[in-house]
Amino acid sequence: MSKSLIIRNIAELAGLVPAGVLRKCGAEMSTVDSLRKAWLVVSDGRIAAFGDGTEPAADAAIDADGGMVLPAFCDSHSHIVYAGTREGEFLDKINGLSYEEIAARGGGILNSADLLHNTSEDELFRQSKERLDEMIACGSGAIEIKSGYGLSTEDELKMLRVIARLKAASPALIKATFLGAHAVPRNMSKDAYVDLICNEMIPAIAAPTLKPTHAMADFVDVFCDEGFFTVEDTAKILETAARYGIRPKIHANELAVSGGVQVGVKYGALSVDHLERTTDAEIEALKGSQTMPTMLPGSSFFLGLPYGRAKEFIAAGLPLALASDYNPGSSPSGDMRFVMALACIRMRLTPAQAFNACTLNSACAMGVSNEVGSITIGKRANLIITKRIPSLTFIPYHYRTPFIERVLL
């Protein structure tokens, strides 16, 4: 017999969404439905009931003590499986080198690939698990994790095995993305590397020699941007992935207006991410599609890049997701509360818009908004119980004051 748990004495239960609503678009993003003086019942790890009247009986209870209860954050773009750090490049940035200049000198992604190659799988898992636990402590309950610091078949598979171990070791909902096309490895031409991705890496990931046989990655990603992979490279990789039934997610328009949004939409990408540099053409391309535009303000903050045109995307009736981009070179933080704050402070989103972008829409950007991202009957009870705070707006406003009492996954 299943046991039930009631969370009582909730000052405000926020993020209520009707069943079947998997994302919010345009003006819908400005609304966060809630109940005051509420309770919520969990059964078998899922939201079974909630209300603001007479409490039902339950086998166990948690007293929210006048705090808010929210759906846990969803982080649809992270790179937390990496080895070591890149503090030397942090000093290079302080001394005036750009992201592109550091990459051209053999740093950046190639530096991380060298470190990862020389790190054992067990040690890589240990370091990555620490980062995952840190993200959960900051309120994230669903997290997408990319490969992309391997740049060889052997090391990309090592990264994906580590992500599989993280899935097994954590209560968070985790999705894996193959990002072999993150950079071109040393001593190989781009064309030869794209061929390697298509002819060796994707087949190995799609049909691994594991039992039970299953794809090691939920999605395939390409860094379609200036100095990395072209629209033509991206199309070739996505066509190969499609033959194996692996859906794309795209890095696009971080460094230049790259065409990555358009090629992502053409191939049915679940999301197109970064979008620091976009024009009206990208907004038009996304209209009518199921592709989720995803912005990464932590990267803009750390690299001094422009912030995405979030308000214009929403004004055009589009949905918008936000994610951390937690990685060693351009966004070394997985705190989605800080992402929410940057969205309000620098991108001028309202707290409601930023909250929806960090929960339901970010869940949609990783294909799990039927499972998490809102207070909805039947969804996983991945929840944040806050300290006593006056409102949702307090979270991005007092952006460094601790607000989490407990994360329940």
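Just above, that's the structure.
Just so it is clear, the model here is predicted, and its values are computed rather than measured.

Caption draft 1: Main features of the overall build of the protein chain. Assigned secondary structure in the protein chain consists of 15 helices and 15 strands. Here the C-alpha radius of gyration of the protein chain, 21 Å, is about what a compact globule of 409 residues would show, namely 22 Å. In terms of principal-axis extent, the alpha carbons of the protein chain reach across some 70 × 45 × 40 Å. In the protein chain, which comprises 409 residues, the share counted as buried stands at 59%. Look at the contacts in the protein chain between residues 6 or more apart in sequence, and 73% of them connect residues 24 or more apart. Averaging the locations of the 40 positively and 47 negatively charged side chains of the protein chain gives two centres separated by 4 Å.

Caption draft 2: Expanded view of the side chain of Arg86. Turning to its location among the elements, Arg86 is positioned in the loop between strand E6 (73-75) and helix H1 (87-94). The exposure class assigned to Arg86 is buried, which follows from its relative accessible area of 8%. A polar atom in the side chain of Arg86 sits 3.2 Å from the backbone oxygen of Gly108. Only 2.6 Å separates the side chain of Arg86 from the side chain of Ser112, close enough to count as a polar contact. Excluding residues within four positions of it along the chain, Arg86 makes contact with Gly108, Ile109, Asn111, Ser112, Tyr149, Pro328 and Gly329.

Caption draft 3: Geometry of the sheet that holds strand E10 (residues 247-252). In space, the 8 strands of this open sheet follow the order E6-E7-E8-E9-E10-E11-E12-E13, with parallel pairing throughout. Either end of the sheet is taken by a strand with one partner, and the two such strands are E6 and strand E13 (321-322). With 3 bridges connecting them, strand E8 (residues 173-181) and strand E9 (residues 219-224) associate as parallel partners. Note that in E9 the partner of Phe178 across the bridge is Val220. Where helix H4 (residues 121-137) meets the sheet, it contacts E6, strand E7 (140-146) and E8, and its direction lies at approximately 145° from that of E7. Relative to E8, helix H5 (residues 153-169) is tilted by about 175°, and along the sheet it contacts E7 and E8.

Caption draft 4: The arrangement of unusual backbone geometry in detail. Of note, Asn9 is a non-glycine position whose phi angle comes to about 60°, a positive value. Positionally, Asn9 belongs in strand E1 (residues 4-16). For Asn9, a relative accessible area of 39% translates into the label partly exposed. Of note, Leu275 is a non-glycine position whose phi angle comes to about 65°, a positive value. Within the fold, Leu275 resides in the loop between strand E11 (271-274) and helix H9 (280-286). Residue Leu275 is classed as buried on the basis of its relative accessible area of 0%.

Caption draft 5: Structural context of the side chain of Asp273. Positionally, Asp273 belongs in strand E11. Reaching out from Asp273, the side chain makes a polar contact with the side chain of His77 at a distance of 2.8 Å. Beyond its immediate chain neighbours, meaning those up to four positions away, Asp273 contacts Ser76, His77, Lys249, Ile250, His251, Ala252 and Thr294.

Caption draft 6: Looking closely at the nonpolar core. Of all hydrophobic cores here, the largest spans 98 residues; its most connected members are Phe178, Ile237 and Leu322. Per-element tally for this core: the top contributor is helix H6 (residues 190-206), with 9 residues. The residues touching Ile237, leaving out its near neighbours within four places in the chain, are Ala181, Val194, Ile197, Cys198, Ile202, Val220 and Val222. The next biggest cluster of nonpolar side chains, apart from the first, holds 18 residues, and it includes Ile10, Leu16, Ala381 and Leu408.

Caption draft 7: Region of interest: the pattern of salt bridges. Counting across every chain of the model gives 23 salt bridges. A salt bridge links Arg388 to Asp65, with the nearest nitrogen and oxygen atoms 2.9 Å apart. On the criterion of sequence distance, the pair formed by Arg388 in the loop between strand E14 (383-386) and helix H15 (394-397) and Asp65 in the loop between strand E4 (60-63) and strand E5 (68-71) is long-range, its members being 323 residues apart. Salt-bridge contacts for Arg165 lead to Glu121; the nearest nitrogen and oxygen are separated by 3.7 Å. Of this pair, Arg165 sits in helix H5 while Glu121 sits in helix H4, and the two are 44 residues apart along the sequence. You can call Arg165 partly exposed: its relative accessible area is 29%. Given the relative accessible area of 21%, Glu121 is considered partly exposed. Overlapping salt bridges bring together Glu121, Asp122, Arg161 and Arg165 as one network.

Caption draft 8: Summary view of the environment of Gly367. Looking at where Gly367 falls in the secondary structure, it is placed in the loop between helix H14 (360-364) and E14. Expressed as a C-alpha distance, the spacing of Gly367 and Arg309, which sit 58 residues apart in the sequence, is 23 Å.

Caption draft 9: Just H6, in detail. Here H6 contains 17 residues, and its C-alpha end-to-end distance of 22 Å stays within 8% of the 24 Å for a straight helix at 1.5 Å per residue. Those residues of H6 that are buried are in contact with H5, E8 and helix H7 (231-243).

Caption draft 10: Representation of the environment of Gln353 in the model. Positionally, Gln353 belongs in helix H13 (residues 351-358). In terms of polar contacts, Gln353 uses its side chain to reach the side chain of Ser30, at 3.2 Å.

Caption draft 11: Examining the packing of helix H12 (residues 336-345) against H13 more closely. Between H12 and H13, the least distance of the axes is 9 Å, while the angle of their chain directions is 140°. The angle between H12 and H13 places the two elements in the oblique class. Along this stretch, H12 crosses H13, giving a crossing that reads as right-handed. Residue-level inspection shows Met336, Val339, Met340, Ala343 and Cys344 of H12 in contact with H13, the latter providing Pro351, Ala354, Phe355 and Cys358. Of the residues contributing to the contact of H12 with H13, the split by class is 9 nonpolar, no polar and no charged.

Here is what the cut-offs are and how they apply
Residues numbered from 1 in each chain as written. Predicted model: local features only at pLDDT ≥ 70, side-chain atom pairs only at ≥ 80, totals over all residues. Heavy atoms only, no water. Helix = DSSP H or I, 4+ residues; strand = E, 2+ residues; numbered from the N terminus. Rg over C-alpha atoms; globule rule 2.2 N^0.38 Å. Buried < 20%, exposed > 50% of the residue type's maximum accessible area, 1.4 Å probe, protein only. Contact = heavy atoms within 4.5 Å. Lys, Arg positive; Asp, Glu negative; His and termini not counted. Charge placed at Lys NZ, Arg CZ, Asp CG, Glu CD. Polar contact = N/O pair within 3.5 Å; in protein donor to acceptor, adjacent residues only side chain to side chain. Pairing = 2+ DSSP bridges. Axes fitted to C-alpha atoms, helices over the stretch in contact; angles between N-to-C directions. Core = buried A, V, L, I, M, F, W, Y, C linked by side-chain atoms within 4.5 Å. Salt bridge = Lys/Arg side-chain N within 4 Å of Asp/Glu carboxyl O. Expected span 1.5 Å × (residues − 1). Parallel < 35°, antiparallel > 145°, perpendicular 65-115°, else oblique. Left-handed = near helix turned anticlockwise from the far one by under 90°. Nonpolar A, V, L, I, M, F, W, Y, C, P; charged D, E, K, R; others polar.

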